[in-house]
Amino acid sequence: MRLDSRQKLTNVAGENIVFQPARGKVDMNHVIAFNDTALFLYNQLKDRDFSLDDVVAELLAEYEVDEATARKDAAAWIAEMEKNHLLLQ
Amino acid sequence: MTNDVGLRVGGMALRIKGGKTAASVFDIGGMAVFRNSPSVADYEVITDSQLTLPSPEWSYSCEGEAVAFRFGHCEPFVIENLLQPVGNEPFVCMQFVSGASLLFNPAQPRRVLLSSVPDLSELRFALWMAFALLGQRNNAVPVHSSVVVKEGRAVLFLGESGTGKSTHTRLWLNHIEGSKLLNDDSPVVVIHEGRVWACGSPWSGKTPCYHQHAFPVAAIVRLEQQPYNQIARCSTIQAFSALQPSCPPAFVHVDSCRELLLQFVASVVDRVPVYRLGCLPDKAAAELSYHTVFQS
């Protein structure tokens with residue numbers, strides 16, 4: 001999978017967000033805010049194809065966590081990216 | 001003889017150049033209050049241009065009560081002495097259902113081109129859009145809101161159409177002593193020397209309320225109808241999400257406008273407290289927002 005590079009991460013007033021304009025008349029604009037860990041993963045993985053294992057490896061290299069926790073957090077991050085339309089399959 | 005007219009809005013001096021269209025600007029209600037000498041302008045709107053938009057791509061459309069239009073971008077092209085594109089950067093464009101159109105080259109941020117716009121409702125809106133495009137690059141953006149002034153400071157009330165912005169500001173005028181209406185639809189918010197200001201404008205919706213004055217903004221309050229009165233200060237992200245939808249909605253759909261707008265919204269919420277007010281249309285609601293903004 002790959003992050004959608006057409007959507008740009010912007011720093012607004014100290015917060016890191018991706019802004020998604022409304023797609024139709026009934027939809028609203030979406031603001032997706034990143035916490036530090038989500039931002040770290042986003043920056044590490046934004047310009048390449050990656051798998052769940054790559055996300056786990058990034059977390060293990062940066063944070064002091066055991067593999068089971070890292071795997072759970074990696075899956076949660078991927079699910080969030082997917083839910084918010086930030087992933088290309 | 002020239003038909004050029006001048007306007008001063010949000011601290012920006014505009015020259016409206018051209019023939020019949022420029023000559024009709026002061027037929028629009030409220031414009032005369034903003035009359036300025038056309039010879040001292042920093043920005044220009046050139047009207048009655050022959051505009052044929054090459055390969056337009058529309059990314060936003062709006063069917064309002066007074067006007068209907070599409071907004072997007074088109075291929076850049078050259079008009080001698082008027083339009084000088086840089087590379088392949090697209091132009092921003094707008095077209096009314098009547099066919100009247102507007103063109104903006106982001107590489108020439110002090111100039112907007114308009115076709116002939118005989119309909120005054122369309123011209124009024126075209127000038128709003130022209131101002132918004134020029135102002136955006138000068139930290140001046142029209143914000144859909146109703147604004148009151150009290151003790152020399154402005155409070156902007158935001159909300160979807162029909163939420164009761166005008167109702168709430170009317171409650172202030174009736175119950176908060178010394179409060180005055182500055183604008184009822186689209187004041188210009190300006191960041192100047194690190195401070196956020198609300199300026200009167202020629203665009204005030206159904207309430208004719210036209211003032212040249214500018215006041216520092218004490219707070220921004222987003223309204224929603226509720227069966228109770230309750231107010232809460234927004235976090236940064238909440239504040240951003242509260243203000244952004246009240247800025248020109250078309251801008252987030254065109255690349256060259258989106259980033260500037262988001263940064264403007266961020267700069268404002270970094271400097272001014274933003275609240276969410278759930279409210280009834282009653283005196284207690286006005287007193288709650290007044291006390292929260294002015295006594296905390």
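You'll find the structure just up there.
Nothing here was measured: the structure is a model prediction, and the numbers come from that model.

### Details of the overall build of chain A
Okay, step 1: Counting secondary structure elements, chain A contains 3 helices and 5 strands.
Okay, step 2: Taken over 89 residues, chain A has a buried fraction of 36%.
Okay, step 3: Across chain A, every contact between residues at least 6 apart in sequence was considered, and the portion connecting residues at least 24 apart equals 47%.
Okay, step 4: With 10 positive and 16 negative side-chain charges, chain A shows a spacing of 10 Å between the two charge centroids.

### Side note on the state of the cysteines
All names here are of chain B.
Okay, step 1: According to the stated counting rule, one finds 0 disulfides over all chains in the structure shown.
Okay, step 2: Just so you know, C199 is unpaired, no disulfide at all, and the nearest cysteine sulfur is the one on C209, 14 Å from it.
Okay, step 3: You can call C199 buried: its relative accessible area is 6%.
Okay, step 4: No disulfide involves C279; its sulfur sits 14 Å from the nearest other cysteine sulfur, which is in C234.

### Brief notes about the nonpolar core
Residues and elements named next belong to chain B.
Okay, step 1: Formed by 81 residues in total, the largest nonpolar core has its most connected members in F71 and M129.
Okay, step 2: For this core, the element with the highest residue contribution is helix 2 (residues 120-136), accounting for 11 residues.
Okay, step 3: Those residues within four positions of F71 in sequence are excluded, and the remaining contacts are W58, S59, Y60, V92, C93, M94, M129, L133, A250, F251 and V254.

Rules used in this analysis
Residues numbered from 1 in each chain as written. Chains lettered and ligands numbered in written order. Predicted model: local features only at pLDDT ≥ 70, side-chain atom pairs only at ≥ 80, totals over all residues. Heavy atoms only, no water. Helix = DSSP H or I, 4+ residues; strand = E, 2+ residues; numbered from the N terminus. Buried < 20%, exposed > 50% of the residue type's maximum accessible area, 1.4 Å probe, protein only. Contact = heavy atoms within 4.5 Å. Lys, Arg positive; Asp, Glu negative; His and termini not counted. Charge placed at Lys NZ, Arg CZ, Asp CG, Glu CD. Disulfide = S-S within 2.5 Å. Core = buried A, V, L, I, M, F, W, Y, C linked by side-chain atoms within 4.5 Å.

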